[in-house]
Amino acid sequence: MSENRKNTETENDKLDISKSVFQVARENQQKMQEELEKKQAEILKQQEEKEKKKQEEYDKRILEEKKELMRLKQGVIEESEMIPEEVEEEIKLSFFGKIKNFFYHNKWWLIIAVPVAFVLCYLIRDLLERPKPDMVVLVIGQYQTIGEESMIQEYFESLCDDFNNNGKTEVSIYNIPYDINNEYANYANGSDTKLTTQMQIADSVVVIAGDTFKQLVLPESILVNMEELYPNDENAEDYYYYLKDTKFSERIGVKNSDIPNDLYVTLRSPKTVLYSDKNAMQKTYDKDFPVFEKFIEDIKK
């Protein structure tokens, strides 16, 4: 009986010793975990304080730079060491790299400009190489019947002289079907380029047009005042001599109904333009003005 009791106590002691070992291990592990967490908390706190200090220094520097910038703008100081002048580092490109960079940044302008430049060069070359007629009359606007289907060329030739002394009288009618409400048609027909070219050379001063041309130009800067030339003529109004209900339709072989109410004839005043100086335009004006006066006298009723 006592032997059994002794054995039982020994086993109980062993069990207590085993529990103590596990418990000690667990406590040690817990203690180490707590110390680790404490250490991590201290490190995190130090990092937060460091970041906070860094942010405070940054905010302070930005504030000082703003104050310095205000002083510069107000002229209180002329230069600042706090705000250094920014110098962009130049990127060095090879020759082919520069060409590639140019085309890359200007491709859309080139797509638009190349065909326009081609047409403009062609027209200028055509104008320069073409034998010059004795007179050029511009018909600007949607007036196909007048500019292309009438006898307007023959009519002006009947009024004109052989100015270039080539043995014959030649008058060119430049019909430019410009439509202010249809940019696509103007581009497709080259009307923009034709009109721009004619307005920048001195080949013609007589213009037959309508309201469209009025909206495109400043009359007081490029046209002759018709009211001053013909003060007692009811068809003369400001810079325009209106052609409705005159003999103009009869002279060019069309119906009076084919002449719009807004159709007029006018003169470009001698000015220096892009491709001609004032003297060149003055010569054209002096040559064509007597023909213009014959025209006005002939169409009056």
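As shown above, the structure is provided for reference.
Described below are features of the structure shown in this document. Here the structure is a predicted model, which is why all the values come from computation and not from measurement.

Section: the environment of K278
Piece 1. As for its placement among the helices and strands, K278 is situated in helix α12 (residues 278-299).
Piece 2. Along the backbone, K278 and A202 are 76 residues apart, and their C-alpha atoms lie at a distance of 8.4 Å.

Let's talk about the side chain of T284
Piece 1. Its place among the elements puts T284 in helix α12.
Piece 2. At a separation of 2.6 Å, a polar atom in the side chain of T284 contacts the main-chain carbonyl oxygen of A202.
Piece 3. When near neighbours in sequence (up to four residues on either side) are disregarded, T284 contacts A202, D203, S204 and V205.

Let's talk about the pattern of salt bridges
Piece 1. According to the stated counting rule, one finds seven salt bridges in the structure shown.
Piece 2. The closest approach of N and O atoms between K168 and E170, which form a salt bridge, is 3.6 Å.
Piece 3. Across the salt bridge formed by R251 and D298, the nearest N and O atoms sit 2.6 Å from each other. Note that R251 is positioned in helix α11 (residues 248-251) and D298 in helix α12, a separation of 47 residues in sequence.
Piece 4. Take D298: its relative accessible area is 24%, and that puts it in the partly exposed class.

About the thresholds
Residues numbered from 1 in each chain as written. Predicted model: local features only at pLDDT ≥ 70, side-chain atom pairs only at ≥ 80, totals over all residues. Heavy atoms only, no water. Helix = DSSP H or I, 4+ residues; strand = E, 2+ residues; numbered from the N terminus. Polar contact = N/O pair within 3.5 Å; in protein donor to acceptor, adjacent residues only side chain to side chain. Contact = heavy atoms within 4.5 Å. Salt bridge = Lys/Arg side-chain N within 4 Å of Asp/Glu carboxyl O. Buried < 20%, exposed > 50% of the residue type's maximum accessible area, 1.4 Å probe, protein only.

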